[in-house]
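Architecture at a glance
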Amino acid sequence: MSTTTVTPTKLWSGGKSPFNVEYGKLMMWYFLMSDAFTFGAFLISYGTIRFSTNGWPNPNEVFRSYPFAGENANAPLVFVSIMTFILIISSVTMVLAVHAGHNMDKRKVAINLALTILGGLAFLSCQAWEWNHLHNEGAWWGHNPFNNHDGTASSTNFTNYFFTITGFHGFHVFSGVIINIIMLIMTLTDKFEKRGHYLMIEKAGLYWHFVDLVWVFVFTCFYLI
Amino acid sequence: MEHTAEHEEHVGGGVKEIIKVTIILSVLTAVELALGFWMMGMPLISNLRIAVKGAIVILMMAKAFYIVAYFMHLKHEIKNLIMTIVVPLSLFVWFIVAFLYDGNSFRHLRNTYDPHFKEQSTIQAPKKEEGKSEEKKEEAKPEEKKAEEKKVAE
């Protein structure tokens, strides 16, 4: 069946999925769409508050440390760029796992899934370190030790949004890692081999890529702009 | 069979494409970071700074496109599926424009009609040292307020 030759009338005449994907995958897309609106609402709310305030902390002053750096580290963007690359690379290994799944290559699926899980755990560790570091500096929900760009006192909006949005994203990464671990166990116990296809990996993959996608936006909105 | 159909459907993928997209994403991120480093030395309010931020947002959208189109395979799905995902998301265009415009307008209104708000946002915070705890900052604040009050009384 080639997708280009299927005419719309044939697609909607019944007997097969008009979207040409199985039910679970379509529902995963719809779930991700709703999740996109949740994240979108968070980020737009953050943008609105930022636009309605005269001053805002400088991310290059707030996020300038990295592990084992000591008190006076001044390396803005360095640690977060490492986190970004970790997530991109884990997304790539996930694509490779899905690709191996199409070829029914159990070994490659397992290897790439394991690498994806490692990437996810590495990202979570980085985030845990960063949260801990900021908390030690006095930043938390309701507490903002950082001043605005121009030296004026800042409200707690900055930390509230930062912890809420990166926390919500981190929770998504965490559940993604759990899903991937389940996928890895199912792969290793030959569940998918017996089923005859690795479509489940694809759905987990969609979720994982979405997590990466959200990070693209969070990273830009909080650390760069 | 369902899964055999699935096999043919995903011909668009392939390891070559994955590597290509990986390189594109890495390059886009590197450019974003380079712009971020460049922006650090710029004055706080300048047109160039806004232009660089705009460029970063465009790069962000490009990255999002590559992730959704190639990693999530949406480009290789049929048009019906693409439309059912992308059309509802176009609501974001209104969402972003309307809310950011509203936030900006609220700031203008407050700066124009609320002298207290305007004044609050010009008070310099006490310069604090590295690693100082929250309590000390709160201690410093009332003192500053007293100083302000004195100024007003004079």
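In what follows, the accompanying structure is described. (Residues numbered from 1 in each chain as written. Chains lettered and ligands numbered in written order. Predicted model: local features only at pLDDT ≥ 70, side-chain atom pairs only at ≥ 80, totals over all residues. Heavy atoms only, no water.)

1. A closer look at the overall build of chain A
- Summing up its helical and strand segments, chain A has 8 helices and 0 strands in all.
- Looking at chain A as a whole, 56% of its 225 residues are labelled buried.
- In chain A, once contacts between residues fewer than 6 apart in sequence are set aside, the share between residues at least 24 apart is 71%. (Helix = DSSP H or I, 4+ residues; strand = E, 2+ residues; numbered from the N terminus. Buried < 20%, exposed > 50% of the residue type's maximum accessible area, 1.4 Å probe, protein only. Contact = heavy atoms within 4.5 Å.)

2. Topic: the packing of aromatic side chains
- The final tally for this structure, using the stated rule, is 34 aromatic pairs over all chains.
- When the ring of Phe192 of chain A is compared with that of Tyr198 of chain A, the centres are 5.4 Å apart and the planes differ by 45 degrees; the resulting orientation is tilted.
- Centroid distance Trp215 of chain A to Tyr223 of chain A: 6.0 Å. Interplanar angle 55 degrees. Geometry classified as tilted.
- Residue classification places Tyr223 of chain A among the buried positions, given a relative accessible area of 2%.
- The side chain of Arg110 of chain B reaches across the aromatic face of Phe117 of chain B, ending 3.8 Å from its centre. (Phe/Tyr/Trp six-rings, centres within 6.5 Å; stacked < 30°, edge-to-face > 60°. Lys NZ or Arg CZ within 6 Å of the ring centre and 35° of its normal.)

3. What to know about the packing of helix α4 (residues 78-102) of chain A against helix α2 (residues 15-40) of chain B
- In the contact formed by α4 of chain A and α2 of chain B, the axes pass within 11 Å of each other and the chain directions differ by 170 degrees. One finds that α4 of chain A runs roughly antiparallel with respect to α2 of chain B. Side by side, α4 of chain A and α2 of chain B meet where Val78, Ser81, Thr84, Phe85, Ile88, Val92, Val95, Leu96 and His99 of chain A of the first sit next to Val15, Ile18, Thr22, Leu25, Ser26, Thr29, Leu33 and Phe37 of chain B of the second.
- Broken down by class, the residue content of the contact of α4 of chain A with α2 of chain B amounts to 11 nonpolar, 6 polar and no charged. (Axes fitted to C-alpha atoms, helices over the stretch in contact; angles between N-to-C directions. Parallel < 35°, antiparallel > 145°, perpendicular 65-115°, else oblique. Nonpolar A, V, L, I, M, F, W, Y, C, P; charged D, E, K, R; others polar.)

4. Points about the environment of Phe123 of chain A
Residues and elements named next belong to chain A.
- Position of Phe123 among the secondary structure elements: in helix α5 (residues 106-136).
- Classification of Phe123 as buried rests on a relative accessible area of 0%.
- On a C-alpha basis, the gap between Phe123 and Val173 in space is 8.3 Å, while along the polypeptide they are 50 residues apart.

5. Remarks on the environment of Gly120 of chain A
All names here are of chain A.
- Tracing the backbone through its elements, the reader meets Gly120 in helix α5.
- The class for Gly120 is buried, based on a relative accessible area of 0%.
- Gly120 sits 53 residues away from Val173 along the chain, and the two C-alpha atoms are 6.6 Å apart.
- Aside from chain neighbours lying at most four places away, what touches Gly120 is Ser90, Val173, Val177 and Trp208.

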